[in-house]
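One-letter residues, chain by chain:
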Amino acid sequence: MSEQNQKIWTKDFILIVIVNFFIFTAFQMTLPTLPLFVQEIGASDRWIGIVVGIFTFSALLIRPSAGKLLDTKGRAPIFLTGLIIFVVSMFSLAASFTIFMLLMVRIMQGVGWGLSSTSSGTIATDLVPKRRRGEGLGYYGLSGNIALAFGPALGLFLVNHISFTMLFSICGILGALALILAANIQYEKPSKDIPTKKKNTYVPHFDIVEKRAVPAASLLFFITVTFGGIATFLPVYTYQQGFDSTYIQFYFVIYAAFLMLSRLLAGRLYDRKGIAIVFIPGSLSIIIAMLMLGFLPSPTYLFIAAALYGFGFGCVQPALQAWAVNRVENNRRGMANATFFSAFDLGVGLGAISYGFVAEAFGYSTIYFTSAASVTVALIIFLFIMQKHKKEQAF
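Residues numbered from 1 in each chain as written. Predicted model: local features only at pLDDT ≥ 70, side-chain atom pairs only at ≥ 80, totals over all residues. Heavy atoms only, no water.

An unreviewed UniProt entry annotates the protein chain as MFS transporter of Salinicoccus sesuvii. Quoted verbatim from the Subcellular location (unreviewed entry) heading of the UniProt record, the comment on the protein chain is "Cell membrane". (UniProt positions renumbered as here; feature names shortened; annotations may be inferred.)

(A) Layout of the overall build of the protein chain. For the protein chain, the count of helices and strands is 13 helices and zero strands. Of the regular secondary structure in the protein chain, the N- to C-terminal order runs α-α-α-α-α-α-α-α-α-α-α-α-α. Taken against the 2.2 N^0.38 rule, which gives 21 Å for 395 residues, the C-alpha radius of gyration of the protein chain at 20 Å falls within 12% of a compact globule. If one aligns the C-alpha atoms of the protein chain with their principal axes, the spans along those axes are about 60 × 45 × 35 Å. A total of 395 residues make up the protein chain; the buried ones form 57% of that total. Taking the contacts inside the protein chain whose residues are at least 6 apart along the sequence as the reference set, 86% of them involve residues at least 24 apart. Accessible surface, the protein chain: about 15,900 Å² in total, of which carbon and sulfur atoms supply 67%. Here the protein chain holds 29 positive side-chain charges and 17 negative ones, and the gap between their average locations is 9 Å. (Helix = DSSP H or I, 4+ residues; strand = E, 2+ residues; numbered from the N terminus. Rg over C-alpha atoms; globule rule 2.2 N^0.38 Å. Buried < 20%, exposed > 50% of the residue type's maximum accessible area, 1.4 Å probe, protein only. Contact = heavy atoms within 4.5 Å. Areas by Shrake-Rupley, 256 points an atom, 1.4 Å probe, with all protein chains shown as cover. Lys, Arg positive; Asp, Glu negative; His and termini not counted. Charge placed at Lys NZ, Arg CZ, Asp CG, Glu CD.)

(B) Spatial organisation of the pattern of salt bridges. In this structure the tally under the stated criterion is two salt bridges. When the shortest N-O distance is used, the salt bridge between D12 and K11 registers 3.2 Å. Given a relative accessible area of 51%, K11 falls into the exposed group. A salt bridge links D126 to R75; its shortest N-O distance comes to 2.7 Å. With a gap of 51 residues between them, D126 in helix α5 (residues 99-127) and R75 in helix α4 (residues 75-93) connect regions that are remote in the sequence. (Salt bridge = Lys/Arg side-chain N within 4 Å of Asp/Glu carboxyl O.)

(C) Just the packing of helix α11 (residues 299-326) against helix α12 (residues 333-362), in detail. Interhelical geometry of α11 versus α12 gives an angle of 145 degrees and a closest axis separation of 9 Å. The interaxial crossing formed by α11 with α12 has right-handed handedness. Counting all contacts with α11, which are made through F313, Q317, L320, Q321, A324 and V325, the residues of α12 involved are R333, A336, N337, F340, F341 and F344. Its residues placed into classes, the contact of α11 with α12 shows eight nonpolar, three polar and one charged. (Axes fitted to C-alpha atoms, helices over the stretch in contact; angles between N-to-C directions. Left-handed = near helix turned anticlockwise from the far one by under 90°. Nonpolar A, V, L, I, M, F, W, Y, C, P; charged D, E, K, R; others polar.)

(D) Just the packing of aromatic side chains, in detail. Applying the stated criterion across every chain yields a total of 26 aromatic pairs. Arranged with centres 6.0 Å apart and planes meeting at 40 degrees, the rings of Y237 and Y364 form a pair that is tilted. In this pair, Y237 is assigned in helix α8 (residues 214-240) and Y364 in the loop between α12 and α13 (365-388), connecting sequence segments 127 residues apart. Judged by its relative accessible area of 2%, Y237 is buried. Residue Y364 is classed as buried on the basis of its relative accessible area, which comes to 8%. (Phe/Tyr/Trp six-rings, centres within 6.5 Å; stacked < 30°, edge-to-face > 60°.)

(E) Representation of the nonpolar core in the model. In terms of nonpolar packing, the biggest core is built from 115 residues, with Y251, L293 and Y309 touching the most fellow members. In terms of residues, this core owes the most to one element, α8, which gives 14 residues. The contact partners of L293, leaving out residues within four places of it in the chain, are I230, L234, Y237, Y251, L302, A305 and Y368. (Core = buried A, V, L, I, M, F, W, Y, C linked by side-chain atoms within 4.5 Å.)

(F) Structural context of unusual backbone geometry. Notably, L296 is not glycine yet its phi reads approximately 40 degrees, a positive angle. When you line up the elements, L296 lands in the loop between α10 (276-295) and α11. Judged by relative accessible area, which is 1%, L296 ranks as buried.

(G) Structural view of the environment of A256. Examined against the element boundaries, A256 turns out to sit in helix α9 (residues 245-273). The exposure class of A256 is buried, given its relative accessible area of 0%. Sequence separation between A256 and A217 is 39 residues, and the spatial gap between their C-alpha atoms is 22 Å.

(H) How the structure looks around the environment of F79. Within the fold, F79 resides in helix α4. Look at F79 and you get buried, because its relative accessible area is 0%. Note: C-alpha distance between F79 and I50 (29 residues apart in sequence) is 27 Å. Discounting chain neighbours no more than four positions away, the residues touching F79 are I16, V19, I23, S116, S119, S120, I123, A182 and Y187.

(I) Representation of the packing of α4 against helix α7 (residues 164-182) within the structure. Look at α4 against α7: their axes get within 7 Å of each other, and the N-to-C directions meet at 165 degrees. When the axes of α4 and α7 are compared, the pair comes out roughly antiparallel. In this structure, the crossing between α4 and α7 has a hand that is left-handed. Packed against α4, whose contacting residues are F79, L80, L83, I84, V87, M90, F91 and L93, the element α7 presents F168, S169, C171, G172, I173, G175, A176, A178, L179 and A182 at the interface. Per-class residue counts for the contact of α4 with α7 are 15 nonpolar, three polar and no charged. (Parallel < 35°, antiparallel > 145°, perpendicular 65-115°, else oblique.)

(J) Expanded view of the side chain of N20. Summarising the element assignment, N20 is placed in helix α1 (residues 11-30). Contacts of N20, omitting those with residues within four sequence positions, involve S120, Y140, S143 and G144.

Shown next, in the form of structure tokens:
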């Protein structure tokens, strides 16, 4: 049987998809509710950005080590350790009532998230045939997208009926379920054949970045800056605009629905036609969405922006990940995923922190105009890379 005809939906792939769903549901439930929690304990917008940002920078710092350990020590110990830390941090979050405690817990949570999410993406990569990697990673990403469909909305709904302590405890239980299921996956053993003679597989001692994943990671960075602005400040922004609290819940549902739709199409398009056919329309869609959020005269703009952003992000993220991983050898998949997701963390973290200052100085709308400029930079860089490497098969 040829690799193209190998099936994607094996038992282990189904398990990693379900595990990823539980992790992302817990994570997404906290995204729109943490800013409200920070406000409840009396902190300013600046602290909202710091609380979100310190989590992503914590994850960013651990990812290079996670990638190297995944490639040398194996998937299981790193993944399970990350999940344990993530679960403990969620329950600790429920007991955090001061900014200092919250920051300490968020650092720990970032470590758990960095280890577990890097591992999960690498494990999914292991389980998908290479020639169907764009399609397979698109399906894998759907688990996170489905969580997006109701995770933020569920978190915002629950916080109106239960305490933050109870909400974060529920997130901890979801993480514990993920840990139980993850223990039943059969993991790929660590690679024993790390070549030293071939120049293209040489691994330096100072090994924190997979260079061949940097182009895809760089593009992702400029795009996920927008995610930091949306996840952190959009709930507060819409409340300030006088929108009903249910509108932001509808935003996340619409966003997730279009994210799922585009993932189903974009992965196959990438496998057959290359990255340009999905990246260019995807990035343009995100730019338009950011401009609409910047103006935001009515809830209609909010909902259309949700659809455009979901479509655009669903196009670019799995294609960029598949592009990054396909450029490296099997024994460098962990490092490639670590480099890729480090860019994700860096973009979200810098977006959250810097936009906290932007919001205080210029207002929330400026966040989204700045985000549109960031994605425009990504598109320009991509066109430059495409022109320079137009003969490469990836394009």
